[in-house]
Amino acid sequence: MALSVSSLTAALSHLSLPSTSTSKPHQAAPFLRLHPIATSRRAISLALRASAAEAAEPAGADLPAEEVVAVEEEAVEDALSSVALRKYVKQRLPGGFAAQRITATGRRKTAIARVVLQEGTGKVFINFRDAKEYLQGNPMWMEYCKVPLATLGFENNYDVFVKVHGGGLSGQAQAICLGVARALVKISTANKVPLRSEGLLTRDTRIVERKKAGLKKARKRPQFSKR
């Protein structure tokens, strides 16, 4: 084994290998600074931007005329943003809610709604937003806002402006119902009889009973263990 090692070292000594230590070790550095990986990434990013620009073409380019009109109508509706709607409500209510003539307050659970009625076409605005959007399109909650007007046949005669806070959407919708009914009584005392017969002027005083100390809920007790 020793002879083989010596023979290998002798054979390697005759080989002419280039010296690893040169006076200019970084001579090939200018060629390495080209960064081909970086250039390929840039090309990929440019390709992605081009594809995104192609995808950003109008969606209704290949649609029929009727569908294009529908798309344009949706775009117009989207343009009526919350800021524009807030400006519209403020124009309809100069001086704010407190300065209006026909106002009323409705309450339900912990929700408090201040309601203003004006002559209009039956639109409902809640907290400077459309009622359908605010109430998440729930038909029952939206019906609460118009029950007093429908009872008297005024669902297309007045616009309803509401500022409500507290509670959930269900309680707020019922508070709006009471506020609208009370506002209709201010318009004419003759409206009181049909509204009273439908129970729309009665304040629902039921609220959630508070939790008690030592109990799990208002009255639910923990399980008793004798031993």
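See the structure above.
These lines cover the structure that appears in this document, whether it is placed above or below. (Residues numbered from 1 in each chain as written. Predicted model: local features only at pLDDT ≥ 70, side-chain atom pairs only at ≥ 80, totals over all residues. Heavy atoms only, no water.)

1. A word on the pattern of salt bridges
All chains considered together, the criterion is met by six salt bridges. The partner of arginine 206 in a salt bridge is aspartate 204, and the shortest N-O contact between them spans 2.9 Å. The class for aspartate 204 is partly exposed, based on a relative accessible area of 23%. One salt bridge in this structure joins lysine 212 and glutamate 209, with 2.8 Å as the shortest N-O distance. On the basis of relative accessible area, lysine 212 is assigned to the partly exposed category, the value being 24%. Linked by salt bridges that have partners in common, Arg108, Asp204 and Arg206 make up one network. (Salt bridge = Lys/Arg side-chain N within 4 Å of Asp/Glu carboxyl O. Buried < 20%, exposed > 50% of the residue type's maximum accessible area, 1.4 Å probe, protein only.)

2. A short note on the sheet that holds strand E1 (residues 103-108)
Reading across from one edge, E1-E2-E5-E3-E4 is the order of the five strands in this open sheet, with mixed pairing throughout. Each having just a single partner strand, E1 and strand E4 (129-130) make up the two edges of the open sheet. Sheet analysis places strand E2 (residues 111-119) next to strand E5 (residues 158-165), joined by eight bridges and oriented antiparallel. In the strand pairing of E5, alanine 113 is matched with valine 164. The strands touched by helix H8 (residues 169-187) are E1, E2, strand E3 (124-126) and E5; relative to E1, the strand with the most contacts, the crossing angle is about 145°. (Pairing = 2+ DSSP bridges. Helix = DSSP H or I, 4+ residues; strand = E, 2+ residues; numbered from the N terminus. Contact = heavy atoms within 4.5 Å. Axes fitted to C-alpha atoms, helices over the stretch in contact; angles between N-to-C directions.)

3. As for the nonpolar core
One finds Leu117, Ile126, Val160 and Val162 to be the most contacted residues of the largest nonpolar core, which totals 31 residues. The set of elements that each furnish at least two residues to this core consists of E2, E3, helix H6 (131-134), helix H7 (139-152), E5 and H8. Considering every element that reaches this core, the biggest residue donor is H8, with nine residues. Apart from residues lying up to four places away in sequence, valine 162 is in contact with Phe97, Ala113, Arg114, Val115, Phe125, Ile126, Asn127 and Ile176. With eight residues, the next largest nonpolar core counts Leu93, Phe97, Phe125 and Phe161 among its residues. (Core = buried A, V, L, I, M, F, W, Y, C linked by side-chain atoms within 4.5 Å.)

4. Some words on the side chain of arginine 108
Tracing the sequence through the fold places arginine 108 in strand E1. On the basis of relative accessible area, arginine 108 is assigned to the buried category, the value being 7%. A distance of 3.3 Å separates a polar atom in the side chain of arginine 108 from a polar atom in the side chain of aspartate 204. Here the side chain of arginine 108 touches arginine 206 through a polar contact of 2.8 Å, landing on its backbone oxygen. Among residues more than four places away in sequence, those in contact with arginine 108 are Gly171, Gln174, Ala175, Arg203, Asp204 and Arg206. (Polar contact = N/O pair within 3.5 Å; in protein donor to acceptor, adjacent residues only side chain to side chain.)

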